[in-house]
Amino acid sequence: MKNLQNKVAVITGAASGFGRELAIACAGEGMSLALTDIDEKNLQATVDMLPPGTPVLTMKCDVAKADQVEQLAVATYERFGASHLLFNNAGVLVGGPLWTATLQDWEWMLGINVMGVAHGIRSFVPRMLQQKDECHIVNTSSVAGLLSVPSGGIYCATKHAVVTMSECLDQELRAEQASIGVSVLCPAFVPTGIADAARNRPAELGEANPLNATFEEQTRKATQAGKISASDIARITLDAVKEARFYIIPHQKIKGAIETRMRDILDERSPTRTTP
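Quantities reported herein were computed from a predicted structural model and do not represent experimental measurements.

The subject of this paragraph is the overall build of the chain. Tallying secondary structure elements over the chain gives eight helices and seven strands in all. Relative to the 2.2 N^0.38 estimate, which gives 19 Å for 276 residues, the radius of gyration of the chain is 18 Å and therefore close to what a compact globule would have. The buried share among the 276 residues of the chain stands at 51%. Partitioning the contacts of the chain with sequence separation of at least 6, the portion at a separation of at least 24 is 71%. For the chain, the exposed area adds up to about 13,000 Å²; of that, 53% sits on carbon and sulfur atoms. The chain carries 26 positive and 30 negative side-chain charges, and their two centres are separated by 5 Å.

Now the structure itself:
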């Protein structure tokens, strides 16, 4: 997919952060957009940032709900007749020790971070296969999908899941000789609102880890100190799509920590703490 002009991009979590910048970057490539988020107000703010005349469909969608993601797929194909570039991007975060994590923490993060990706795959890949066009899927994970971060146990579990889901999906599609590429995005700290994800947390899943506050504040400081912007991430990601590159690791310095973890596994030794 070296030429994205006149193609259709579907982006979840498009109301802020990576999703917003991916929308702006895709619009700059001349793409039509199907944008979704649970936050309708900020989703409209994203639309307002797009170049005038950008064809865009917006829909409120909780990606943890299979029927809502399916409705997004139906609406996308009714409006544009195709989807070429799918960003399973929506994600949330809460931290604290695993033994104080609540069942609702698990349900909230698994629902969005893991099942949101699963629902995107289930609703869009069969349609992409029928198109027989060149397509590409980008699943947003994190370096937390390649490392193990103390007080980030649930988040890491969800992001590790996204990495292996992406790896399996890539192999499955290649076995089918499908014209669908796959990438997994694994950034480190970037100035986004991920530390404040609880602002959109459903009330029925509101019981959070009582020891989350310290982790949340540390995450907020770390993300705001990030040297690579969300706009940079969007540019790097589209470059990777055009290059058909599977692993997208924008923060190259983190590879040392990843290598240490891999050596821990191969040497069968206790995990090395590689994060502050």
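So that's the structure; there's more coming.
Moving on to the packing of helix α4 (residues 103-131) against helix α5 (residues 153-175). Contact geometry of α4 with α5 gives a least axis separation of 9 Å together with a crossing angle of 15°. Relative to α5, α4 is oriented roughly parallel. Two packed elements cross with a definite hand, and for α4 against α5 that hand is right-handed. Contacts from Asp 105, Trp 106, Met 109, Leu 110, Asn 113, Val 114, Val 117, Ala 118, Ile 121, Val 125 and Leu 129 in α4 reach Ile 154, Tyr 155, Ala 157, Thr 158, Lys 159, Ala 161, Val 162, Met 165, Leu 169 and Leu 173 in α5.

Let's shift gears to the nonpolar core. If you look at the biggest cluster of nonpolar residues, it comprises 32 residues, and the most contacted ones within it are Cys 26, Leu 33, Leu 35, Leu 85 and Phe 87. Listed by contribution, the elements that provide at least two residues to this core are β1 (8-12), α1 (17-28), β2 (32-37), α2 (40-48), β4 (85-88) and α7 (230-242). The element contributing the most residues to this core is α7, with seven residues. Leaving out residues up to four positions away in the same chain, Phe 87 has contacts with Ala 9, Val 10, Ile 11, Thr 12, Leu 22, Cys 26, Val 138, Thr 237 and Leu 238. With 29 residues, the next largest nonpolar core counts Leu 86, Val 117, Phe 124 and Ala 257 among its residues.

Here we come to a nonpolar patch on the surface. Nonpolar side chains collect at one region of the surface, where Leu 98, Trp 106 and Leu 110 lie side by side and expose about 250 Å² of accessible area between them. On the secondary structure map, Leu 110 appears in helix α4. Given the relative accessible area of 34%, Leu 110 is considered partly exposed.

Applying the stated rule across the entire model yields three cavities of 30 Å³ or more. If you add up the space inside the largest cavity, you get close to 50 Å³. What lines the largest cavity is a set of 13 residues, among which Val 94, Gly 95, Gly 96, Ala 101 and Ile 154 lie closest to the centre. Of all the secondary-structure elements, those providing two or more residues to the lining of the largest cavity are α4 and α5. Partitioning the lining of the largest cavity into residue classes produces six nonpolar, six polar and one charged.

Conventions used here
Residues numbered from 1 in each chain as written. Predicted model: local features only at pLDDT ≥ 70, side-chain atom pairs only at ≥ 80, totals over all residues. Heavy atoms only, no water. Helix = DSSP H or I, 4+ residues; strand = E, 2+ residues; numbered from the N terminus. Rg over C-alpha atoms; globule rule 2.2 N^0.38 Å. Buried < 20%, exposed > 50% of the residue type's maximum accessible area, 1.4 Å probe, protein only. Contact = heavy atoms within 4.5 Å. Areas by Shrake-Rupley, 256 points an atom, 1.4 Å probe, with all protein chains shown as cover. Lys, Arg positive; Asp, Glu negative; His and termini not counted. Charge placed at Lys NZ, Arg CZ, Asp CG, Glu CD. Axes fitted to C-alpha atoms, helices over the stretch in contact; angles between N-to-C directions. Parallel < 35°, antiparallel > 145°, perpendicular 65-115°, else oblique. Left-handed = near helix turned anticlockwise from the far one by under 90°. Core = buried A, V, L, I, M, F, W, Y, C linked by side-chain atoms within 4.5 Å. Patch = residues over 30% accessible without salt bridge, like charges linked within 9 Å, V, L, I, M, F, W, Y side chains within 5 Å. Salt bridge = Lys/Arg side-chain N within 4 Å of Asp/Glu carboxyl O. 1 Å grid on protein atoms, 1.4 Å probe; cavity = no way out; pocket = protein on both sides within 12 Å on 5 of 7 lines; lining within 4 Å. Points joined across faces, edges and corners; volume = space filled by probe spheres on them. Nonpolar A, V, L, I, M, F, W, Y, C, P; charged D, E, K, R; others polar.

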